[in-house]
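Given next are the chains, with one letter for each unit.
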Amino acid sequence: MMYALLFTILGFAIMEFSGWFIHKYIMHGPLWNIHKTHHQPSKSFFELNDLFSLLFGSIAVLMIFLGLEGLDYRFWIGMGISFYGMLYFFIHDVLVHRRIKWFERPKNKLLLGIFRAHQAHHATNNKDDAVSFGLFVVPKKYFKSK
Ligand SMILES: [Zn+2]
Ligand SMILES: [Zn+2]
């Protein structure tokens, strides 16, 4: 049980860290042409940038399949990545960007901090001057209430 929990948390943490790295150095770098579709108003429901979610989702599915026999660490890392993806979807796509209008602006302090930090990321539509690339791990200042 401890084993499962540990690797699930690890999968989650790897996603936040590698997500931050990929967002900062690759999406706002060589793959900006794909990611910029998320920084511009889009005409359709889907953005080319959604390919990244598809990629991360595929990695999670692959890990779960690889670890399915005996439920080894790969299965639990895959679960952690999936859990991250679901939470990311609800917070980033639904709560912040309102692609589906399920929630209003958050009142909860933690959610509001995450919300503000990601709005700060979108304060610019440029490749080079963006801030706050992680989703959950963001500077403390966004959590201070005003
Ligand atoms: Zn970005
Ligand atoms: Zn966004």
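In this text the structure is predicted, and so the values were computed from the model without any measurement.

Draft legend 1. Region of interest: the coordination of the zinc ion (ligand 2). With distances of 2.0 to 2.3 Å, the protein atoms coordinating the zinc ion (ligand 2) are His38 (NE2), His92 (NE2), His97 (NE2), His118 (NE2) and His122 (NE2). Spacing between the donor residues of the zinc ion (ligand 2) along their common chain follows H-x53-H-x4-H-x20-H-x3-H.

Draft legend 2. Quick look at the coordination of the zinc ion (ligand 1). Coordination of the zinc ion (ligand 1) by the protein involves His23 (NE2), His28 (NE2), His35 (NE2), His39 (NE2) and His121 (NE2), with metal-donor separations of 2.1 to 2.2 Å. Each donor residue of the zinc ion (ligand 1) belongs to the same chain, with the gaps between them written as H-x4-H-x6-H-x3-H-x81-H. Taken together, the positions of His23 in helix 1 (residues 2–27) and His121 in helix 5 (residues 109–121) put the pair 98 residues apart, joining distant regions of the chain. The exposure class of His23 is buried, given its relative accessible area of 6%.

Draft legend 3. Focus on the nonpolar core. Core analysis: the biggest nonpolar cluster contains 15 residues, and Tyr84, Leu135 and Phe136 have the highest contact counts within it. Looking at this core, the elements that each hand over two or more residues are helix 1, helix 3 (50–66) and helix 4 (73–96). Those residues in contact with Phe136, other than ones at most four positions away along the chain, are Phe12, Glu16, Tyr84, Leu87, Tyr88, Ile91 and Ile114.

Draft legend 4. Spatial organisation of the pattern of salt bridges. With the rule as written, the count across this model stands at 4 salt bridges. Notably, a salt bridge pairs Asp50 with Arg99, separated by 2.8 Å at the nearest N-O pair. On the criterion of sequence distance, the pair formed by Asp50 in helix 3 and Arg99 in the loop between helix 4 and helix 5 is long-range, its members being 49 residues apart. Residue classification places Asp50 among the buried residues on the basis of a relative accessible area of 17%. Its relative accessible area of 21% is what places Arg99 among the partly exposed residues.

Draft legend 5. Summary view of the packing of aromatic side chains. Under the defined criterion, the tally for this structure stands at 14 aromatic pairs. Ring geometry for Trp20 against Tyr25: centres 6.1 Å apart, planes inclined by 85°, an arrangement best described as edge-to-face. Through a chain of ring-to-ring contacts, the aromatic side chains of Phe12, Phe83, Tyr84, Tyr88 and Phe136 assemble into a single cluster. Positioned above the aromatic ring of Phe45, the side-chain terminus of Arg99 is 5.2 Å from the ring centre.

Draft legend 6. Molecular detail of the packing of helix 4 against helix 5. Interhelical geometry of helix 4 versus helix 5 gives an angle of 70° and a closest axis separation of 11 Å. Between helix 4 and helix 5, the crossing angle belongs to the class labelled roughly perpendicular. Crossing handedness for the pair helix 4 and helix 5: right-handed. Across the interface between the two elements, Ile91, His92, Leu95 and Val96 from helix 4 touch Leu111, Ile114, Phe115 and His118 from helix 5. Residues belonging to the contact of helix 4 with helix 5 are distributed by class as follows: 6 nonpolar, 2 polar and no charged.

Cut-offs and rules
- Residues numbered from 1 in each chain as written.
- Chains lettered and ligands numbered in written order.
- Predicted model: local features only at pLDDT ≥ 70, side-chain atom pairs only at ≥ 80, totals over all residues.
- Heavy atoms only, no water.
- Donors = N, O, S within 2.8 Å, 3.2 Å for Na, K, Ca; no water.
- Helix = DSSP H or I, 4+ residues; strand = E, 2+ residues; numbered from the N terminus.
- Buried < 20%, exposed > 50% of the residue type's maximum accessible area, 1.4 Å probe, protein only.
- Core = buried A, V, L, I, M, F, W, Y, C linked by side-chain atoms within 4.5 Å.
- Contact = heavy atoms within 4.5 Å.
- Salt bridge = Lys/Arg side-chain N within 4 Å of Asp/Glu carboxyl O.
- Phe/Tyr/Trp six-rings, centres within 6.5 Å; stacked < 30°, edge-to-face > 60°.
- Lys NZ or Arg CZ within 6 Å of the ring centre and 35° of its normal.
- Axes fitted to C-alpha atoms, helices over the stretch in contact; angles between N-to-C directions.
- Parallel < 35°, antiparallel > 145°, perpendicular 65-115°, else oblique.
- Left-handed = near helix turned anticlockwise from the far one by under 90°.
- Nonpolar A, V, L, I, M, F, W, Y, C, P; charged D, E, K, R; others polar.

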